[in-house]
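Breakdown of the fold
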Amino acid sequence: MESNQETQNKEKFKLFNDSVKTTLIGKPKDNGNEFWNSIDSTNTRLASLANKGAAEGTTVISRQQSLGRGRLGREWVSSYDCGLYFSTLLRPTIPISDLPVITLCLGVSAKRAVLATSGVEIGLKWVNDLIYNTKKLGGILVEMPTGLNSDKNSQALVVGIGINVKEPESELPEEIRNKAVYLNELCDTKIDTISLASELCFQIEHIYNRMLAGESNLILDEWRASSVTLGQEIITSNNEISGKALDIDETGALIVQTAEGKKLVHAGEISVRSKDGSYSF
Ligand code: BTN
């Protein structure tokens, strides 16, 4: 017999599929979305589906992740029903060298989705952290699956988004507890992760279509307006570049005014933190 939890998960999945008002993101041609009670990582699962030829827009959501991943090999703590753990598949027809720009544009989608669902205005920290008052509300991890089938695998981008909704009851490590913030603490209404997921699909699709139509510059302007990095004194995690973050260039790199002149910081394996320590993730 089906357990209560299984029934609930089926209902949530149906609600998600019914509430997504898009034509691509969350609406793949083969209806291949997945909803999990618990999984290792939605990004890992979607990468394996992508390697088998999953359609663009395929979306995987889980109520918990046992091996949630963040950027730079970090863990993404993903306690049961405490956040949105969401991955969607893009197969962009633009050069993969534009990846950093795609990442920044996705940050704008996430910001818009949070605002539409909760009324909360968040900031964007280069390259893809969602920030409220110097604390981390969420993050984005964009990965290219590295499967053997290069044909089916071409131009696949797994976009993983994690948004903190409710503080877990179990004790979190101190360094995470002090730096994290949860959407439920920031607004009066209780946030429904399914509504947040379907709004995310809507906003990603809107921004993605604009990017494909050549409007990335306008979206980057919106990123600039929401940035909590620009104008700050920053230092890279490898301590090699420090100075004032002036702007981003058209490739998404951060332009930093250092004592030796202007330098570019590329996303890749580097994170930035503020010099006064007010945020460092
Ligand atoms: C970061 O800020 O370091 C990025 C965090 C990305 C977390 C999400 S949760 C859904 C998806 N699955 C993962 O394992 N990671 C991403």
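Here the structure is shown first, and the text comes after it.
Computed from a predicted structure; not experimentally measured. Within each chain, residues carry numbers counting from 1 in the order of the written sequence. It should be noted that, the model being predicted, local features are given only for residues of pLDDT at least 70 and side-chain atom pairs only at 80 or more, the latter also being counted only at that level, while totals for whole chains, interfaces and linings use all residues. Only hydrogens and water are set aside; all other atoms, that is, all heavy atoms of the structure, feed into the side-chain values.

1. Observations regarding the environment of asparagine 33
A helix here means a DSSP run of H or I that spans at least four residues, while a strand means a run of E at least two residues long, and both kinds are numbered starting from the N terminus. The topology assignment puts asparagine 33 in the loop between α1 (4–19) and β1 (34–36). Residue contacts are counted whenever heavy atoms from the two residues lie within 4.5 Å of one another. Contact partners of asparagine 33, with chain neighbours within four places excluded, come to Phe13, Phe16, Asn17, Gly26, Pro28, Gly57, Thr58 and Thr59. Polar contact is defined as a pair of N or O atoms within 3.5 Å, subject to the rule that within protein one atom must be able to donate a hydrogen and the other to accept it, and that residues adjacent in sequence are counted only when both atoms are side-chain atoms. Among the polar contacts made by the side chain of asparagine 33, one reaches the main-chain amide nitrogen of threonine 59 at a distance of 2.9 Å.

2. What to know about the nonpolar core
Residues belong to a common nonpolar core when they are buried Ala, Val, Leu, Ile, Met, Phe, Trp, Tyr or Cys residues joined through side-chain atoms within 4.5 Å. Partly exposed residues are those whose accessible area sits between 20% and 50% of the maximum for their type, while under 20% is buried and over 50% is exposed, using a 1.4 Å probe and protein chains only. With 57 residues, the main nonpolar core has Phe86, Trp126, Ile163 and Leu254 as its most contacted residues. Within the residue set of this core, elements represented by two or more residues are β3 (83–90), α3 (99–118), β6 (135–143), β7 (157–164), α7 (193–212), α8 (216–226), β9 (242–248) and β10 (254–258).

3. A word on the site of the ligand
It suffices for a single heavy atom of a residue to lie within 4 Å of a molecule or strand for the residue to be listed as near it. Looking at the ligand, there are 20 residues lining it, with Ser41, Gln65, Arg69, Arg71 and Lys136 nearest. Between the ligand and serine 41 there is a distance of 2.7 Å, counted from an oxygen atom to a side-chain nitrogen or oxygen. Here arginine 71 contributes a backbone N or O atom positioned 2.6 Å from an oxygen atom of the ligand. All accessible areas in this document rest on Shrake-Rupley with a 1.4 Å probe, and a residue is counted as covered only by the protein chains that are shown. The protein chains hide 99% of the 410 Å² of surface that the ligand would expose on its own. Taken together, the elements giving at least two residues each to the shell around the ligand come down to α2 (42–51), β3, β6 and β7. Of the residues forming the shell around the ligand, the biggest block, four residues, is contributed by β6. Residue composition of the shell around the ligand, grouped by class: six nonpolar, ten polar and four charged. Polar here means any residue other than Ala, Val, Leu, Ile, Met, Phe, Trp, Tyr, Cys and Pro, which are nonpolar, and Asp, Glu, Lys and Arg, which are charged; Gly is therefore polar.

4. With respect to α8
An α-helical segment advances 3.6 residues per turn. Residues three or four places apart therefore align on the same side. Regarding α8, the residues found buried are Ser216, Ile219, Leu220, Trp223 and Ser226. Summarising the axial view, the buried residues of α8 lie within an arc of 115°, below the 170-degree limit, and thus occupy one face. In α8, the exposed positions that point more than 90 degrees away from the buried face belong to Asn217 and Ala225. Those residues of α8 that are buried are in contact with α3, β4 (123–125), α7 and β9. When we speak of the arc, we mean the arc of directions from the helix axis to the C-beta atoms.

5. Considerations on the packing of α3 against α7
Only the stretch in contact is used when fitting a helix axis, every axis being a line fitted to C-alpha atoms; angles between N-to-C directions are given from 0 to 180 degrees. Close contact between α3 and α7 brings their axes to 8 Å; oriented N to C, the two are set at 140°. Comparing the axis directions of α3 and α7 gives the class oblique. Judged by the twist between their axes, the crossing of α3 over α7 is right-handed. Contacts between α3 and α7 involve Val101, Ile102, Cys105, Leu106, Val108, Ser109, Ala110, Arg112, Ala113, Val114, Ala116 and Thr117 from the first element and Ser195, Leu196, Glu199, Leu200, Gln203, Ile204, His206, Ile207, Arg210 and Met211 from the second. An angle below 35 degrees is treated as roughly parallel, one above 145 as roughly antiparallel, one from 65 to 115 as roughly perpendicular, and anything else as oblique. Note on convention: near helix rotated counterclockwise from far helix by under a right angle means a left-handed crossing. Clockwise means right-handed.

6. Regarding the sheet that holds strand β8 (residues 233–236)
The rule for pairing is simple: two strands pair if DSSP sees at least two bridges between them. An order of β11-β10-β9-β8-β12 is seen for the five strands of this open sheet, with the pairing classed as antiparallel. Each edge of the sheet is formed by a strand with only one pairing partner; in this case those strands are β11 (261–265) and β12 (272–274). Pairwise comparison of adjacent strand axes, ignoring direction, gives a mean angle of 45° for this sheet. Across three bridges, the pairing between β8 and β12 is antiparallel. Bridge pairing links isoleucine 235 to arginine 273 in β12.

Note that every value here comes from positions in space, so none of it alone points to a role or purpose.
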